[in-house]
Every structure is written in C-alpha cells, then in structure tokens.
Amino acid sequence: MERRSKNKLLNVRFHACCVLFNILIVGGLGLVLVKAFQLQVIERALWVDRARAQVQTTSRVHSYRGSIYDRQGRLLSFSVPQSSLYADGEQVENPRKIACLLSGVLGEPEDSIEKKLARSRQFIWLKRHLTDQEAAAIAKLNHCGLNLTCETKRFYPYRQVGGQVLGFVGLDGTGLEGVEKGFDHILKENSVAVGQLRDGVRKNLWMKSSLPPEPGESLGVRLTIDALVQYLAECELEKAVQKYRARAGEVVVMDARTSEILAMAHYPFFDPNLPDKNNPELWRNRIITDSFEPGSTFKVFLISAAMQENVVKAKDRVFCENGKYKLARHTINDVHPYGWLTIAEVVKFSSNIAASKVALQLGNERYFRYIQGFGFGSLTGVHLPGEVKGIVRHYRKWRPIDLAVAGFGQSIGVTALQLNTAIAVLANGGEYIPPLIARAIVDAEGQVVESFDPRPLRRVIHEKTAEQIRAMMHSVTQEGGTGVNAAPEGYTAAGKTGTAQVMDPVSGRYASNRYTSLFTGFIPADNPRLVMTVVIHEPKGAIYGGVVAAPVFRDIAAKALPYLGVLPSTDEPVPAQGFRVTQAKPPAAPGGTPRDAGKKSSEPPAGGRTRAVKSSNSVALPAGPVQVQAGPVAGGPAAAEKYSLTREKQNLGLY
C-alpha cells in the first residue's frame, strides 16, 4: 500500500515536471517569436538603417568653379588645377632648416616662413597656387610636415579683354567683382554625394563596374559679350584716350534689336590674372558704377517727350535768342548764335537755348515721367554688382532753371549703360528692353540649362515718334551736323554729340578746363543693328564730342559691322574730296556758375553762318572753331579714312 502511494507520488511529480518543462519551452518560443516580431516588423526600419550605416557610406566628389564663355563659345574664364603648400606644425622638427630650404624655392623671406612654421598648429598655409616648378621642387624635398594639396586657380586667357566686366575671384574661389561675383551662386564650387561600401576597418570600397566619378565642373555662364567686338572697342578706345591724353574712357556696344551687350570697354585696362585689389580705379566697372552729366546727348530724350506729348512738332520753330538767353538771374548760352531753328535743327545743331525753352514748355511732371520711362534714375537690372541709379532729383524739387538746364543734360547724372539703353529705345521703335549680359546657363559640356530671353519691359514712346527722332539723329551725322565724324564710309549713322562740363568737387562749381566728351547713337540709321555710347573723360587739346568721341564710334562700327554680317551699302554718298578739316583750339571757358549754365555743353555745329573758301576745290563750311584748309590732300578724306576690311581681318586673325 505504501509502495503504491510512493509510485503514484513519483508519477505526479514527473507529470508536473513535464508540464512545467512544456510551459517553459512554449513560453521561451513565445518570447522568441515576440522578439522576432519586434525586430523584424516593429523595429525593422531602425535596424536596417543601422546595418546600412555599418557597410555603406557617402563620399563627396568636389566640382571646381564653372567657366565663363562669350556669345560665340570662346572661353573667357576657367579654372586650372594648381598645387598649394601647407605644413603640420607639430611634425616640423627644425623650422629654421626647412625655412632656409623653402625660401629659395618659394622666393619668400626666410624669417617669414620660419615664423609660420614655429606655430604649433596642425594646418599652416605656406603658399597657395604654386607654379609647376615650385610644386616639383617641394616634392623632391620630401620633408616630414610639408604637404601639397590640389586647388584650382582662375585663368583669363584673353588677359585685359573685358577685364572689368569679368571681374576676379579670391584665393578661396569666391567671386569678388564683375560677372564672377554677379553669378557666383551659379559658378561657385560645390560637391556631389556618391554612395560607396566600406569594410570592417572602414575602408571605402567601389563595387560598381563603372569607374568612380572624378571632380567635375560646375555650371557655367555664356555671356552676350563678343570677344572680338570687345577687343575692337578696347583698341579704338585706347587710341582716342592716348591721343587726347584723357583721364579715362568707356564704350558700350549693344545689339539694337535685343539690348544684348556685345562690349563694355574701359581704359585704363585691367588684367584679372594679376588683380590689383588695392586699386579699385582699375577693376571697377565704371560703365555701371560712375555717373556723369550727359550733356547735349540728353536733348533727344527731351524732344522725344515733347513730341510724344504734342508739345512740339518736327517743323515747329524756336527762337534761339542769338546765343544768349536770360532766365531769372541766370544766363543760358549757345556755343554759336542762332535765330529761328526748327525742332529737327535743334537736334542737328544742338542748341541749349532751344532745348531749355522746350523743357519749360513741357513742364516738370511730364518731363520727369519720360526721364524715368527711358530708364534714368533707376537700375537697369543687369546682373552685375555695383550698379548705381544715377542722379535724378524729384520734379517737385526743380526750380525753373533746373528744368531748363535738365533739357540739355545738366543737373542730371547717368551711367554709360543707362544712356546706351535709353538710345536703344529710340533705335528699336520706342520700347524699353533691359540690357542683358548673360545669354544662358550651361553645363560642363556647354549644353544650355537655362536661357535668358530679352523681353520689352514697357513702351516709352510711339513708334512714329521714335521714327521721327531717328531721322533727326541721322541729320546729326550728315553734312552740317555736329556728328559728321561718326559715319563710317558706306554706312548711315544716327546719333547725338555731347560735351558736358565736369563739376569740381572742391569748389562745387563747373571746372573751366574739365569736360566729358560723348557720342551716342546707332548704326545703320535706317535699320539699326548696333547701339553704341562713347564716353571720354577730361580730354586735352579738343573737348567736343563730335571731335573726340564720334571718331571712336565710327572706327568701331566700321570694323564690327562687317564681322556681324552687316555689309556697307554701295550707293552711299562719298564725302567731298580735296579738303581737310582740322580742329581749332577752343576758347578758354569761363568759370561754370548757374549764371553761365550751358555755356560749353552744346556742340560746335557744321551749319549756321558760312564763309566761302577761295579755291577750286572749296566748299561752304560754318564759322566757328573749325578751320578749312584749301588744297588737295593725297586722295582726299575718303582715301585717308578708307578702311581696308581684308587687312583688318588679317590683323585680327580672321583669315
């Protein structure tokens, strides 16, 4: 009995242990399943990311600064690889010895190099952008603590051609001036992320069949500038500035149809390969940063506004007071006395008195509205840094004398780009099209990523009014006008001369011996292709825009138009033969005060009173500061001024 009870107790214990063991097994399996569900379903994303982080990594492939091209695809600016030298100050054992070796290689003082090496820093720049010879010599030294790294340096193959327009970059590759700064957000260096694998010791592995990516080029910019037109403009500008010993000069050339800037020339020149950062007078783009009084060139905008408002008509006559006109306590003068002139003759002979009368008749508010419509007093919107608005006071602050002198370009400040863009309004039929400096954004292969199309912003005057003004401007370059020197042989030209006095910043009055000579216009006159403005600052020996600036317009147009496919007309009249025109020394100008407003801002005309020259080849020319010397000149002016297209193309490398 006892034995049976004992066996029964053992069986109960055994079954209890089995049940307990089964419970433990099932519970354990349940826990495994729960944990597996948590890892595989609930926390799957977390553990997948951790796994990828252990075997996958991202490396960045740097791209160097993008290139700048002209409208024809010529490279104007690009980056080249160059080595730079740095040192690890903690690894340099003998700074004096290394400084002695590096001084001969780098061409720098030994004490300066030793002072840098004495610093206990892990990274010390010694010299950036080494030449290939310097980099090879340093590599041969093989000193501990000296290291070479690869950087890029900006290179400008055309040197000073368009230097102020292109600008330059700093040592770190950031644009500091010109196009380099204006489009820095597009051109700047950046990097591209590339996925790779890595092993247990964290070494990167490239497991793809293709080669790993190499450093590439960032996006570039294709400008509207034409390198050849830019070169032509700079050459002719240099000749004029040196001939008249002027302080400086600028030329703007634009496409009359689209307002695309073909050239922005400055003199003195600036080579961005050797930027003189301490002399902003050289690298500043004065075409957009400097204001000047436009002088008589402003009369075409006054007449445009007056005709658009039906204040005057082309055949209306204005009495020019025989050279002197008193307005309150002030006196407005013309260089030559005139009686009655039609509106067309006012533009042709450039009468200040007539312009002031038209301005007074037009009124403050209307004239100011058209000044703004032509773009003066506001930014043109060109993508270049440093542009100024010019100087245009609000019309409510104008006195009658202010309105009168504003009619012939005094008391107003404009930039060369503003003036050229406003003339383009007359050339294209009355619409204001903002100037363009960039045609497109391109990739490293030159394919267009984004293009910039010219679009009219507003209509300033009616097309009929613009046509009438163009005819008046054409007469300026014809016989008797102030701009006869602006028309190249075989082409018709239209424009306006200007000679503006320069304000003395010390005395606050117009200087008696400082002038700005201007010519602005378009060519051909009947179907404008180029709009051009020439500004010569403070010339000596001659001051009038028709003498100093107009020949620059002529010479640039004579060479640029055939290059652009605009051939000369065979039926254009040839200038008269057998005489030559020389510029007489102008009389000394009196001090410029408000009482003498406009005394030297009008141009010497080739019309008005005439005097006969007794010679078999004589012609009737106006009196004034133009002397006519009778007698034949070898071949006459036509032969002396004739331009040989074939020879010029050979000189420019087009053949």
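Cut-off values and rules
- Per chain, residues are indexed from 1 in the order of the written sequence.
- Reporting of local features is limited, given that this is a predicted model, to residues whose pLDDT is at least 70; pairs of side-chain atoms are given and counted only at 80 or more, and all residues count toward the totals for whole chains, interfaces and linings.
- By convention in this description, side-chain values take in all heavy atoms of the structure and omit both hydrogens and water.
- In summary, the pairing rule links any two rings of Phe, Tyr or Trp, Trp by its six-membered ring, whose centres are within 6.5 Å, and it sorts them by plane angle into stacked for under 30 degrees, edge-to-face for over 60 and tilted for everything else.
- Strands are runs of DSSP state E lasting at least two residues, helices are runs of H or I lasting at least four, and both sets are numbered from the N terminus onward.
- Burial classes follow relative accessibility: with a 1.4 Å probe on protein chains only, a residue under 20% of its type's maximum area counts as buried, one over 50% as exposed, and anything between as partly exposed.
- Placement of a positive charge over a ring is assigned whenever Lys NZ or Arg CZ falls within 6 Å of the ring centre and within 35 degrees of the normal to the ring plane.
- Put simply, a nonpolar core is a bunch of buried Ala, Val, Leu, Ile, Met, Phe, Trp, Tyr and Cys residues held in one set by side-chain atoms that sit within 4.5 Å of each other.
- Contacts between residues were defined by any pair of non-hydrogen atoms, one from each residue, lying within 4.5 Å.
- Residues with no salt bridge and a relative accessible area higher than 30% make up the patches, which join like charges within 9 Å and nonpolar side chains (Val, Leu, Ile, Met, Phe, Trp, Tyr) within 5 Å.
- To measure how exposed things are, a 1.4 Å probe is used in the Shrake-Rupley method; for residues, cover is taken only from the protein chains shown.
- Every case where a carboxyl oxygen of Asp or Glu lies within 4 Å of a side-chain nitrogen of Lys or Arg is listed as a salt bridge.
- Strands were regarded as paired on the criterion that DSSP finds at least two bridges between them.

Caption draft 1: Expanded view of the packing of aromatic side chains. Taken as a whole and assessed by the stated rule, the structure comprises 15 aromatic pairs. Considering the side-chain rings of tyrosine 367 and tryptophan 398, the 6.2 Å spacing of their centres and the 65° angle between planes classify their relative orientation as edge-to-face. Note that tyrosine 367 is positioned in helix α15 (residues 364-373) and tryptophan 398 in the loop between α15 and α16 (400-406), a separation of 31 residues in sequence. When its relative accessible area of 10% is taken as the criterion, tryptophan 398 is described as buried. Seen in terms of ring centroids, phenylalanine 368 and tyrosine 395 are 5.4 Å apart; in terms of plane orientation they differ by 50°. Their pairing is tilted. On the criterion of sequence distance, the pair formed by phenylalanine 368 in helix α15 and tyrosine 395 in the loop between α15 and α16 is long-range, its members being 27 residues apart. For the pair shown, phenylalanine 368 and tyrosine 395 are each scored as buried. Put simply, the rings of Phe298, Phe301, Phe374 and Phe376 pair up and form one aromatic cluster. When the ring centre of tryptophan 47 is taken as reference, the NZ or CZ atom of arginine 50 above it lies at 4.6 Å. Here arginine 128 stacks its cationic end above the ring of tryptophan 125, 4.5 Å away from the centre of that ring.

Caption draft 2: Looking closely at the nonpolar core. Among the nonpolar cores identified, the biggest contains 96 residues, and Phe301 and Ile437 are the most heavily contacted of them. Tallying contributions element by element places helix α17 (residues 416-427) first for this core, with nine residues. Sequence-distant contacts of phenylalanine 301, defined by excluding residues within four places in its chain, comprise Phe374, Phe376, Leu419, Ala422, Ile423 and Leu426. With 38 residues, the next largest nonpolar core counts Leu232, Ala246, Ile523 and Val534 among its residues.

Caption draft 3: Focus on a nonpolar patch on the surface. Together, Phe21, Ile25 and Leu29 give the surface a local cluster of nonpolar side chains, amounting to about 300 Å² of exposed area. Tracing the chain through its elements places leucine 29 in helix α1 (residues 2-42).

Caption draft 4: Structural detail: the pattern of salt bridges. This structure, assessed with the given rule, holds 25 salt bridges. Taking the shortest distance from any N to any O, the salt bridge between arginine 366 and glutamate 309 comes out at 3.8 Å. Residue arginine 366 is located in helix α15, and its partner glutamate 309 is located in the loop between α12 (299-308) and β11 (317-319); the two are separated by 57 residues in the primary sequence.

Caption draft 5: Representation of the environment of leucine 219 in the model. Here leucine 219 is to be found in the loop between β7 (204-205) and β8 (220-223). Taking relative accessible area as the criterion, leucine 219 reaches 34% and is therefore assigned partly exposed. Note: C-alpha distance between leucine 219 and glycine 446 (227 residues apart in sequence) is 9.0 Å. For leucine 219, the residues in contact, after removing those within four places along its chain, are Gly66, Ile186, Leu187, Ile441, Val442, Asp443 and Val449.

Caption draft 6: Here's a closer look at the pairing of strand β21 (residues 530-537). Counting buried residues along β21, eight of its eight residues qualify, which places the element largely inside the surrounding structure. Both faces of β21 are covered, namely the face carrying Leu530, Met532, Val534 and Ile536 and the face carrying Val531, Thr533, Val535 and His537. Relative to β21, strand β9 (residues 248-255) runs antiparallel, the two sharing eight bridges. Paired with methionine 254 across the strands is valine 531, a residue of β21. Relative to β21, strand β20 (residues 510-523) is paired through eight bridges, and the arrangement is antiparallel. The residue bridging serine 517 from the neighbouring strand is isoleucine 536, located in β21. The turn linking β20 back onto β21 is made up of six residues.

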